[in-house]
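The primary structure of each chain is shown beneath.
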Amino acid sequence: MNLGELSEQEQIRRQSLAELRELGIDPFPAEAYPVNTTSTEIKKQYSAEKNNFLDVSVAGRLMGKRIMGKASFAELQDHAGRIQLYITRDDICPGEDKTTYNNIFKKLLDIGDFVGVRGFVFKTQMGEISIHVKELKILSKALRPLPIVKEKDGKVYDAVTDPEFRYRQRYVDLVINPKVKDVFIKRTKIYNSLRELFNSRGYLEVETPILQSIPGGAAARPFITHHNTLDIPLYLRIANELYLKRLIVGGYEGVYEFSKDFRNEGMDRTHNPEFTVMEIYVAYKDYNWMMDFTEEMIEKTAFDLNGTTKVKVGEKEIDFKRPFKRLSMIDSIKEYTGVDISGMNEEQLRKTCKDLSIEIDESMGKGKLIDEIFGEKVEDHLIQPTFIIDYPLEMSPLCKKHRSNPDLTERFELIVNGQELCNAYSELNDPVDQLERFQEQLKLSEKGDDEAMYIDYDFIRALEYGMPPTSGMGIGIDRLTMLLTNQPSIQDVLFFPQMRPEKKDSVDSPEKFRKAGIPEDWVEPLQKMGYKTLGALRKVEKYKKLHQDLCGFNKKNKLGLKNPTQDEVKMWIDNPL
RNA sequence: GAUUCUGUAGCUCAGCAGGUAGAGCACCUCCCUUUUAAGGAGGGGGUCCUGGGUUCGAGCCCCAGCAGAAUCACCA
């Protein structure tokens, strides 16, 4: 690593690291540090009357230092929160040697370093519960400076808000923005709450393949990869539906999986290439049962998470209290457009779309047209949780036909805040019907629909052995988390959202520059001017301009170097090596 | 993919009509024994995203590119 590239603050920290070592202190000690409580535990339980917490030891990052002569205050941040440290010179340096305080604490310790402290708890004159430190130990040195975020009366100063910084360096985001940590703790609580419900019913959590040779169970563009030994293409799963149903065929009563799915499609505030869906399948049930179950599940999760069924989402308040409104798709369209589309043929639907000024194209069939009307005119209005029931047949190739209307399917979606949250069926278990539906998808695919489903003959074979009547439901976990934690973007509920790779400019060593005939003194100036590699230097077309720039740089930065001649500069560029 | 906005110190952001790059925090030095986003004084630190162009002169104007955000389209 070329020291010239480091910022001043990084250089100082590396210098401090070296000085610590000279003092015989290991800045990265191997041994465990015994901790007996946490910052928040102390703040919650301490009372001056009880005079408790007489011997505490806590560990965490140093987040602030306020030095006033022989006494100092510092902020320690552990996994639970923050607590103030009170450090006096003579307490941590009982003997004659005051190095620990004067040098190590005051100079060589920086914000971001991990330390362990032992001492007793007391309250300062300002009323702040603090640890009076008797022993201080360096646990790990930070070589990069942390952005400093300050807070007073709930008001945050200098918060790091740049999304790119926050998402790319989530580890820093988590350190300096404590609310970010809470979101992810809540995300895990959501998982726990759901698991608790499913397990209490005796449903089995399972794992099914992520690498699939036929990406089935949804309409979406998959990621393709290749297996070398088998020499076949494999796809990252877009859904796990068909595998879970195979397990129902195998005889389990209920199975569920938190499934990382992958879709090679657009990215935006609500879409990440990999995302999580929880899918559950229960035998001998239908979609009516599943609707009740879904209500129960969501109400429980919302309550487990926030202690109430009400959630603030942006400006709105959403209440997940049972029961949710239930509307058939046709009724919902009637309610929001005044048009009754029941029994309409394709022509009539087309006209309706035109009347409602909805953009359509020739390729759209009946189901797609109805879906367009719903998406344009209805969905946005559904803020409070609402079940939309009985979808057109063409849109649901894995769903059982409606028991009383063959144009419809026994399907519901749960819409919240104008967005689809859950999707569920009475699962299609008639293998002959299923094969026909797949074949229709194949036709779509031949017409150029790159999202149409593939035919999975093994899945058909499984159904031919017999699958009990089953209801299945999928719920977008990322979206659920966004709703329940009031986060506007999917990137805020994923630790590491997908981003374009960072551009890393390579740097040639000074050694390499020297070998190419460039005088040592000029290597650093050249690199500072942006010519980090010999390649970059070779690309220079106007050697006279470079010569000018070099002389200018020399003068401007008062390097005091002897300027090269134009010919010399030309040689640096032309030198073939 | 389209449109709009943004890119200046480690962080948050100023900057004008085109004329030698600024503030606060952070960092460094010195002084201070209980401070509360910030004790006092002084001091360092910048390829103003990149590359072209206009100009005597560009952080600022023009063109192209890169990155990010918002809105829209497709999708969960």
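These numbers come from a predicted model, not from an experiment. (Residues numbered from 1 in each chain as written. Chains lettered and ligands numbered in written order. Predicted model: local features only at pLDDT ≥ 70, side-chain atom pairs only at ≥ 80, totals over all residues. Heavy atoms only, no water.)

What follows is about the overall build of chain A. The secondary structure content of chain A amounts to 20 helices and 20 strands. In chain A, the share of contacts with a sequence separation of at least 24, taken over all contacts with a separation of at least 6, comes to 62%. Counting only carbon and sulfur atoms, one obtains 50% of the accessible surface of chain A, whose full area is about 30600 Å². (Helix = DSSP H or I, 4+ residues; strand = E, 2+ residues; numbered from the N terminus. Contact = heavy atoms within 4.5 Å. Areas by Shrake-Rupley, 256 points an atom, 1.4 Å probe, with all protein chains shown as cover.)

Ordered in space as 9-11-10, the three strands form an open sheet in which the pairing is antiparallel. A single partner strand is all that each edge strand has here, and the edge strands are strand 9 (211-212) and strand 10 (224-227). Pairing of strand 9 with strand 11 (residues 232-236), which is carried by two bridges, proceeds in the antiparallel orientation. Pairing of Gln 212 across the sheet is with Tyr 235, part of strand 11. (Pairing = 2+ DSSP bridges.)

All right, on to unusual backbone geometry then. Cis geometry marks the peptide bond from Arg 322 to Pro 323; its omega dihedral reads -10 degrees. Positionally, Pro 323 belongs in the loop between strand 15 (316-319) and strand 16 (325-328). Even without being glycine, Asp 390 reaches a positive phi, approximately 70 degrees.

All right, on to the confidence of the model for chain A then. Mean pLDDT over chain A stands at 86; residues scoring 70 or higher make up 89%. The complex model carries a pTM of 0.87, and its ipTM stands at 0.84. (pLDDT = per-residue confidence, 0-100.)

Taken together, 47 residues lie near RNA strand B, and Gln 84, Lys 152, Glu 265, His 271 and Arg 479 sit nearest. Between a sugar or linking oxygen of RNA strand B and a side-chain N or O atom of Glu 164, the distance comes to 2.9 Å. Between RNA strand B and Asp 268 there is a distance of 3.1 Å, counted from a base nitrogen to a side-chain nitrogen or oxygen. Those elements giving two or more residues to the surface near RNA strand B turn out to be helix 1 (8-22), strand 1 (56-68), strand 3 (82-88), strand 6 (150-152) and helix 5 (163-168). Classifying every residue of the surface near RNA strand B by side-chain character gives 14 nonpolar, 10 polar and 23 charged. (Near = heavy atom within 4 Å. Polar contact = N/O pair within 3.5 Å; in protein donor to acceptor, adjacent residues only side chain to side chain. Nonpolar A, V, L, I, M, F, W, Y, C, P; charged D, E, K, R; others polar.)

In this section: the nonpolar core. Residues Phe 198, Ile 280, Phe 320 and Ile 475 are the most contacted members of the largest nonpolar core, which totals 38 residues. A total of eight residues in this core trace back to one element, the largest contributor, which is helix 9 (residues 287-306). The contact partners of Ile 475, leaving out residues within four places of it in the chain, are Thr 276, Val 277, Met 278, Met 297, Ile 298, Leu 421, Cys 422 and Leu 480. Counting residues in hydrophobic clusters, the runner-up holds 30 residues, among them Phe 53, Phe 73, Ile 87 and Val 133. (Core = buried A, V, L, I, M, F, W, Y, C linked by side-chain atoms within 4.5 Å. Buried < 20%, exposed > 50% of the residue type's maximum accessible area, 1.4 Å probe, protein only.)

With that settled, consider the packing of helix 7 (residues 178-200) against helix 9. Between helix 7 and helix 9, the least distance of the axes is 9 Å, while the angle of their chain directions is 135 degrees. As summarised for this structure, helix 7 and helix 9 are arranged oblique, according to the angle between their axes. For the element pair helix 7 and helix 9, the recorded crossing hand is right-handed. Seen from helix 7, the contacting residues are Lys 186, Lys 189, Ile 190, Ser 193, Leu 194, Glu 196, Leu 197 and Phe 198; seen from helix 9, they are Phe 293, Glu 296, Met 297, Lys 300, Thr 301, Asp 304, Leu 305 and Asn 306. Classifying every residue of the contact of helix 7 with helix 9 gives seven nonpolar, three polar and six charged. (Axes fitted to C-alpha atoms, helices over the stretch in contact; angles between N-to-C directions. Parallel < 35°, antiparallel > 145°, perpendicular 65-115°, else oblique. Left-handed = near helix turned anticlockwise from the far one by under 90°.)

To continue, consider the pairing of strand 12 (residues 254-262). With respect to burial, strand 12 is a largely interior element, eight of its nine residues being buried. Across two bridges, the pairing between strand 8 (residues 204-205) and strand 12 is parallel. Considered in strand 12, the bridge of Glu 205 is made with Tyr 256. Taken together, the nine bridges between strand 12 and strand 13 (residues 274-283) define a ladder with antiparallel strand orientation. Counterpart to Ser 259 in the pairing with strand 13 is Val 277.

Counted under the stated rule, the structure contains 16 aromatic pairs. Taking 3.9 Å as the distance between ring centres and 15 degrees as the angle between the ring planes, the aromatic pair formed by Phe 184 and Phe 495 counts as stacked. Placement of the pair is Phe 184 in helix 7 and Phe 495 in the loop between helix 15 (477-485) and helix 16 (510-515), with a sequence separation of 311 residues. Phe 184 sits in the buried class, given a relative accessible area of 5%. In this structure Phe 495 comes out as partly exposed when scored by relative accessible area, which is 39%. Put simply, the rings of Tyr 191, Phe 198, Tyr 203, Tyr 256, Phe 258, Trp 289 and Phe 293 touch in pairs and so form one group of aromatic residues. (Phe/Tyr/Trp six-rings, centres within 6.5 Å; stacked < 30°, edge-to-face > 60°.)

Turning our attention to a negative patch on the surface. A cluster of like negative charges, contributed by Glu 394, Asp 430, Glu 436 and Glu 440, occupies part of the molecular surface. Along the chain, Glu 436 falls in helix 13 (residues 431-446). You can call Glu 436 partly exposed: its relative accessible area is 42%. (Patch = residues over 30% accessible without salt bridge, like charges linked within 9 Å, V, L, I, M, F, W, Y side chains within 5 Å. Salt bridge = Lys/Arg side-chain N within 4 Å of Asp/Glu carboxyl O. Lys, Arg positive; Asp, Glu negative; His and termini not counted. Charge placed at Lys NZ, Arg CZ, Asp CG, Glu CD.)

Our next topic: the packing of helix 13 against helix 14 (residues 457-464). For the pair helix 13 and helix 14, the least separation of the axes is 9 Å and the interaxial angle reads 160 degrees. On the basis of the axis angle, helix 13 is roughly antiparallel to helix 14. Every pair of crossing elements has a handedness; the one defined by helix 13 and helix 14 is right-handed. Between helix 13, through Pro 431, Gln 434, Leu 435 and Phe 438, and helix 14, the contact on the second element is made entirely by Tyr 457, Phe 459, Ile 460, Leu 463 and Glu 464.

On to helix 9. The first and last C-alpha atoms of helix 9 sit 28 Å apart over 20 residues, in line with the 28 Å expected at 1.5 Å per residue. Structurally, the start of helix 9 carries an N-cap: the backbone nitrogen of Asn 288 is 3.1 Å from a side-chain oxygen of Asp 286. A positive phi of about 75 degrees marks Gly 307, the residue just after helix 9. (Expected span 1.5 Å × (residues − 1).)

The complete set of buried residues in helix 11 (residues 346-355) reads Leu 349, Arg 350, Thr 352 and Cys 353. Viewed along the axis of helix 11, the buried residues span an arc of 160 degrees, placing them on a single side of the element. For helix 11, the exposed residues set more than 90 degrees away from the buried face come down to Glu 347, Lys 351, Lys 354 and Asp 355. Considering only its buried residues, helix 11 is in contact with helix 12 (366-378). Measuring from the side-chain oxygen of the N-cap residue of helix 11 to the backbone nitrogen of Glu 347 gives 3.1 Å; that N-cap residue is Asn 345. Looking one or two places after helix 11, you find Ser 357, whose phi comes out positive at around 50 degrees. (Arc of directions from axis to C-beta.)

The next subject is the pattern of salt bridges. Any two side chains of opposite charge can pair, so long as their charged atoms come close to each other. Per the stated rule, a full pass over the model turns up 42 salt bridges. Residues Arg 89 and Asp 90 are paired through a salt bridge, measuring 3.1 Å at the closest nitrogen-oxygen approach. Residues joined in a network through salt bridges with shared partners are Arg 166, Arg 170, Asp 173 and Asp 492.

Attention shifts here to the environment of Ser 39. Looking at the secondary structure, you find Ser 39 in helix 2 (residues 39-45). The class of Ser 39 is buried, set by a relative accessible area of 0%. Spatially, the C-alpha atoms of Ser 39 and Trp 572 are 59 Å apart, while their sequence positions differ by 533 residues. Setting aside residues up to four positions removed in sequence, Ser 39 forms contacts with Asp 78, Ala 80, Gly 81, Arg 82 and Ile 83. Of note is the side chain of Ser 39, whose polar atom sits 2.7 Å from the side chain of Asp 78. A polar contact is formed between the side chain of Ser 39 and the backbone nitrogen of Arg 82, at a distance of 3.5 Å.

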